Amino acid sequence: MSAQIPIFTRSSTGITAILGPPSVKPYDQFPPIESKSCRTILFSPEGLYLAYVNWPTITVLNTETWKKVAFIENTKVYHLAFSPKSTFLLSWEPFTVSNANPQGSPNLKIYKTEGGELVNSFTQKKQMNWEPHWSLDEKLFSRLVNTDVVFYKDLNFEKIVERINGHKVVSYELSPNIGSYFVLCHTIGSPGQPSFGRLFKYPNFDNQQVIANKSFFQADKVDFIWNSKGNNALLLTSTEVDKTGGSYYGKQGLHFMGLNGQTSMVTMSKEGPIYSVQWSPKNQEFCVVYGFTPAKATIFNLKCEPCFELGTGARNAVYYNPQGNILLLGGFGNLPGQVEVWDAINKKKISSGEARDTTFLQWAPDGEHFLTATTAPRLRTGNGFKIWHYSFSLLYENCFPQGEELYEVTWKPYPKLTFKEPQISSKKVEGIVPSEPQASKHVYRPPSARNRPAVSFQLHKNEEEPHNVGANNTPSKAALKKKKKREAKKALKLNEDSENKQVSSPIVSNVQVTLTGDPEIDKKLKNIKKKLDAIEKLKVEQASGKMLEANQLTKIQGEAELLKELEQLAV
């Protein structure tokens, strides 16, 4: 498909749209919405509808005709969500009570997307985990009620047909399957006891019917990451505080769970936080960015074995394109914005560059372009977005004027398989020159070092180059520890050899002193000899170009007086 893909932005002045590459231009079919009260924009999963909040109303547009299909008034909505087939639109607003209504009103509402008719409403006090979960065919609807998961069937939101209770569920997620439905739950253990990740098949929720069970002691929070087939999942566990003091951000762990009952822990070859995890859309591998700076990126297979090391660098995020044949690594936030683009099939680097002040990155549905943006409230100055080709050519940039803030930017989604897998080429496409000034790549050298050979310097001595690994090539923790000791011992020996070399050939003056046997005179002779040796060392340093201080120059000027005194003592 060669059609241009629309890009929509929500800013402090309203909602606008443009058409993306190859020739970026205004999207005339979508009239701009000028308003300072637009709070959110959301596309349905396949891009058929666009919902936006222009407080206090919700508007739903059909993206084929751009006609209004729903208009919902008098809401205080904070969040929106579509059902998987776009049949329903869900909204959440803060739960409030008043003297007239001490019980409060339902704040989680379900509307028909076409027409905006209110179908049902529930009370959902907590903002965290507010969004209910659907099966992809919309036959199952579920939500978290206290520590129970309740299920509704066949769009009947009045009758609870199944319930997961007695497990103290704090979070859960349905698998993206059709026909057979699976549920992953995070259950909190009693004090001193482990927490659990449990996999059930709907509607078999008894303890004896658990398909897979994984325990972990350090898990205040668990993120469930299903692959697109829904047959395997990753569980990213995290604690708010790392009691060992190893990380400011708490401690993370990564676990694997499959519908066949297989469970395992994903073993990392470097200590430190887990920054980003993503499944390949091809479902045969996943990539993890982890470890203390410089962070490491590794691709694992379905056996949780590392199959390719992407080396180390300044990165903390991983993004596969929708087709799964291109992988992007980025270092954003407190990192300088370095980007690496890889051929995910042949494991070769395609391009690299820098996208400074990036707070948001998203691949286009065509898998060939991506956008980076600087958005508020993360950064309130220099807001705007850029469109890049995967060869890291800048194709378009939109810099917002001072005082105008960009809140959201997104490509219009399309149904799966709309776009073919892009053919990867190492040739860089023609782009534009960025408007912002580029930092100089020349290294500053002080005047005293400009006529001398350059000294190579490596900030991190444990940096690794990309390389293939076999199933059994991952070094164990003991091997890594021994390697670290060997390197430290080698460095210590080199340091000692260098010091010994310096000691064996000290810089001394050519003046010879003959002791007389008189203790008083010999003491003065030794003292003068020591001062002359120090002066000789200063003279050598001065000759090599070193700038001496005033007191050092005064010492050199006193050499003649010391020689005269030595001559008098010798007589």
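Treat the numbers as computed from the prediction; the structure is a model and nothing was measured. (Residues numbered from 1 in each chain as written. Predicted model: local features only at pLDDT ≥ 70, side-chain atom pairs only at ≥ 80, totals over all residues. Heavy atoms only, no water.)

Draft legend 1. Spatial organisation of the overall build of the chain. Across its full length, the chain holds four helices and 38 strands. A fraction of 44% describes how many contacts in the chain between residues 6 or more apart in sequence connect residues 24 or more apart. When the accessible surface of the chain is totalled, it reaches about 32700 Å², and 50% of it is carbon and sulfur. (Helix = DSSP H or I, 4+ residues; strand = E, 2+ residues; numbered from the N terminus. Contact = heavy atoms within 4.5 Å. Areas by Shrake-Rupley, 256 points an atom, 1.4 Å probe, with all protein chains shown as cover.)

Draft legend 2. Representation of the nonpolar core. One finds Leu 234, Leu 254, Met 268, Ile 274, Phe 286 and Val 288 to be the most contacted residues of the largest nonpolar core, which totals 15 residues. Looking at this core, the elements that each hand over two or more residues are strand E22 (232-238), strand E23 (252-258), strand E25 (274-279) and strand E26 (285-290). Setting aside chain neighbours within four positions, we find Ile 274 in contact with Leu 236, Gln 252, Gly 253, Leu 254, Met 268, Val 288, Val 289 and Tyr 290. (Core = buried A, V, L, I, M, F, W, Y, C linked by side-chain atoms within 4.5 Å. Buried < 20%, exposed > 50% of the residue type's maximum accessible area, 1.4 Å probe, protein only.)

Draft legend 3. Just the side chain of Lys 270, in detail. One can find Lys 270 in the loop between strand E24 (263-265) and E25. Despite its burial, Lys 270 pairs with no opposite charge, the nearest such side chain being Glu 464 at 6.6 Å. In terms of polar contacts, Lys 270 uses its side chain to reach the backbone carbonyl oxygen of Phe 292, at 3.0 Å. Only 2.4 Å separates the side chain of Lys 270 from the backbone oxygen of Pro 294, close enough to count as a polar contact. (Lys, Arg positive; Asp, Glu negative; His and termini not counted. Salt bridge = Lys/Arg side-chain N within 4 Å of Asp/Glu carboxyl O. Polar contact = N/O pair within 3.5 Å; in protein donor to acceptor, adjacent residues only side chain to side chain.)

Draft legend 4. Region of the structure containing the sheet that holds strand E19 (residues 195-201). Pairing in this open sheet of four strands is antiparallel, and the strands run E17-E18-E19-E20 from one edge to the other. The strands lining the two open edges of the sheet, one partner per strand, are strand E17 (169-174) and strand E20 (212-216). Taken over all neighbouring pairs, the strand axes of this sheet differ in orientation by 15 degrees on average, direction set aside. As defined by bridge partners, E19 adjoins E20 across five bridges and the pair is classed as antiparallel. For Gly 197, the partnering residue across the bridge sits in E20 and is Lys 214. (Pairing = 2+ DSSP bridges. Axes fitted to C-alpha atoms, helices over the stretch in contact; angles between N-to-C directions.)

Draft legend 5. How the structure looks around the environment of Leu 302. Its place among the elements puts Leu 302 in the loop between strand E27 (295-301) and strand E28 (306-313). Through-space distance from the C-alpha of Leu 302 to that of Phe 256 is 8.7 Å; in sequence the pair is 46 residues apart. Among residues more than four places away in sequence, those in contact with Leu 302 are Asn 232, Phe 256, Gln 262, Trp 279, Asn 283 and Gln 284.

Draft legend 6. Geometry of the packing of aromatic side chains. Under the criterion given, the structure shown has 30 aromatic pairs. Plain terms: the ring middles of Phe 122 and Phe 141 are 6.2 Å apart, the flat faces sit at 20 degrees to each other, and that makes the pair stacked. Separated by 19 residues along the polypeptide, Phe 122 in strand E12 (residues 118-122) and Phe 141 in strand E14 (residues 140-145) bring together distant segments of the chain. The burial state of Phe 122 is the same as that of Phe 141; both residues are buried. Both rings, one in Phe 256 and one in Trp 279, keep their centres 6.5 Å apart while their planes meet at 55 degrees; by these two values the pair is tilted. With Phe 256 in strand E23 and Trp 279 in strand E25, the pair connects residues that are 23 residues apart, well separated along the chain. Overall, Trp 279 belongs to the buried group, its relative accessible area being 6%. (Phe/Tyr/Trp six-rings, centres within 6.5 Å; stacked < 30°, edge-to-face > 60°.)

Draft legend 7. Quick look at the packing of helix H2 (residues 519-543) against helix H3 (residues 550-557). Contact pair H2 / H3: the axes reach a minimum separation of 9 Å and the direction vectors enclose 120 degrees. As the angle between them shows, H2 and H3 are arranged oblique. Crossing of H2 over H3 shows left-handed handedness. Where H2 abuts H3, its residues Ile 535, Leu 538, Lys 539 and Gln 542 lie against Gln 552, Leu 553, Lys 555 and Ile 556. (Parallel < 35°, antiparallel > 145°, perpendicular 65-115°, else oblique. Left-handed = near helix turned anticlockwise from the far one by under 90°.)

Draft legend 8. The sheet that holds strand E33 (residues 360-363), seen in detail. Within the open sheet, the four strands sit side by side as E33-E34-E35-E36. Their pairing is antiparallel. Only two strands of the sheet have a single partner each, and these edge strands are E33 and strand E36 (394-399). Across this sheet, the average inter-strand angle for adjacent strands is 15 degrees, counted without regard to direction. With four bridges joining them, E33 and strand E34 (residues 369-374) adopt antiparallel strand pairing. Each bridged residue has a counterpart across the sheet, and for Leu 361 the counterpart in E34 is Thr 372.

Draft legend 9. Just the packing of H2 against helix H4 (residues 559-570), in detail. The contact between H2 and H4 brings their axes to 10 Å, and the two run at 155 degrees. On the basis of their axis angle, the class for H2 and H4 is roughly antiparallel. Where H2 crosses over H4, the two elements pack in a sense that is left-handed. Of the residues in H4, those touching H2 at Ile 521, Lys 524, Leu 525, Ile 528, Lys 531, Leu 532, Ile 535 and Lys 539 are Glu 559, Leu 562, Leu 563, Glu 565, Leu 566 and Leu 569.

Draft legend 10. The arrangement of the pairing of E36 in detail. As judged from the five bridges shared by strand E35 (residues 384-389) and E36, these two strands associate in the antiparallel manner. Looking across to E36, one finds that Lys 386 is bridged to Glu 397. Remark: four residues form the turn of the hairpin made by E35 and E36, two consecutive strands paired antiparallel; Phe 392 in that turn has positive phi of roughly 60 degrees.

Draft legend 11. Representation of H2 within the structure. End to end, H2 covers 36 Å across 25 residues, agreeing with the expected 36 Å (1.5 Å per residue, within 8%). Among all positions in H2, only Asp 522, Leu 525, Ile 528, Leu 532, Asp 533, Ile 535 and Leu 538 are buried. Looking at the buried positions of H2, the neighbouring elements they touch are H3 and H4. Looking one or two places after H2, you find Gly 545, whose phi comes out positive at around 105 degrees. (Expected span 1.5 Å × (residues − 1).)

Draft legend 12. Geometry of the side chain of Asn 232. Relative to the assigned elements, Asn 232 resides in strand E22. Residues contacting Asn 232, with those up to four places away along its chain left out, are Ile 225, Trp 226, Asn 227, Phe 256, Met 257, Gly 258, Trp 279 and Leu 302.

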